[in-house]
Amino acid sequence: MIRKSFAAAALALAATIAPMTAAQASATTEGDFGTAAVTVTYTVSGAPSFRSQISTSISHWNTSVTNVRLQQVSSGGNFAFYEGNDSRGSYASTDGHGRGYVFIDYAQVRQYDVIRVITHETGHVLGLPDHYSGPCSELMSGGGPGPSCTNSYPNATERSRVNSLWANGFAARGEQVRIAEPQIFAKS
Ligand SMILES: [Zn+2]
């Protein structure tokens, strides 16, 4: 499932790569592909146990979408990752447009694939809603397909939606809400 999704993501990316001008090339960094992506920053100091998994999840987003790029910073940042114990499981508290935080619940990620959980919650920060009835190939189906689902890449529809949501950078606004995973993604 991961391999299939990765191939699809790679194809989608390949289609977006266009020749860069010298000015564009100098303004971009490795992995940017010369698009006009807005950069959203995040910190991991609040989730020290999951630095590696967060990095992997973020890379899945950065290789899947072109209009927004996620970049780790040591302090400040548009959003943050935290870890701990919460009976309600992992969740995102976010305006759905790059701000807020992701909480990673220890018990939940012992049951569910941690990369999928983190990538899913980050999807909320990027503006995607839950869709628990979706298949495993859909990232925002969350825990709907069950703990055996380890796909941690957004599908084509989700990638397209995020690109659309970020076509105007930070210009779009949202109201910060807590997007809990109350039942299906919550630990049993
Ligand atoms: Zn969710």
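By convention here, each chain's residues receive numbers from 1 onward along its written sequence. Only residues with pLDDT of 70 or above have their local features reported here, since the model is predicted, and side-chain atom pairs are shown and tallied only from 80 upward, although totals for entire chains, interfaces and linings are computed over all residues. Neither water nor hydrogens contribute to the side-chain values; these are computed over all heavy atoms in the structure.

A separate point is the packing of aromatic side chains. Classification of ring pairs uses Phe, Tyr and Trp, with its six-membered ring standing for Trp, and accepts pairs whose centres are within 6.5 Å; under 30 degrees between planes counts as stacked, over 60 as edge-to-face, and the remaining range as tilted. For the structure on display, the rule yields 8 aromatic pairs. Geometrically, the ring pair formed by Tyr91 and Phe103 is stacked, given 5.3 Å between the ring centres and 15° between the ring planes. Of this pair, Tyr91 sits in strand β4 (residues 91–94) while Phe103 sits in strand β5 (residues 100–105), and the two are 12 residues apart along the sequence. Whether a residue is buried, partly exposed or exposed follows from its accessible area with a 1.4 Å probe, protein chains only, as a fraction of its type maximum: under 20%, in between, or over 50%, in that order. Overall, Phe103 belongs to the buried group, its relative accessible area being 11%. Connected via pairs of aromatic rings, a cluster forms that spans Tyr82, Tyr91, Tyr101 and Phe103. What counts as a helix is a DSSP run of H or I of at least four residues, what counts as a strand is a run of E of at least two, and both are numbered from the N terminus.

Looking now at the pairing of β5. Of all the 6 residues making up β5, 5 are buried; the element is thus mostly covered by neighbouring parts of the structure. Any two strands between which DSSP finds at least two bridges are classified as paired. The sheet contact formed by strand β3 (residues 79–84) and β5 spans 6 bridges and is parallel. Across the sheet, Ala80 pairs through a bridge with Tyr101, a residue of β5. Of the strand pairs in this sheet, β4 and β5 are connected by 4 bridges, and their pairing is antiparallel. Within the sheet, the bridge partner assigned to Thr94 lies in β5 and is Gly100. Linking β4 back to β5 in an antiparallel pair, the connection comprises 5 residues, with Gly96 at a positive phi of about 70°.

We now examine the environment of Glu121. With respect to the helices and strands, the residue Glu121 is situated in helix α5 (residues 114–125). Residue Glu121 is classed as buried on the basis of its relative accessible area of 0%. Along the chain, Glu121 and Gly142 lie 21 residues apart, while their C-alpha atoms are 8.8 Å from each other. A polar contact of 3.2 Å, which involves the side chain of Glu121, links it to the backbone nitrogen of Ala92. Here a polar contact is recorded for every N or O atom pair within 3.5 Å, except that within protein the pair must consist of a potential hydrogen donor and a potential acceptor, and residues adjacent in sequence are included only if both atoms are side-chain atoms.

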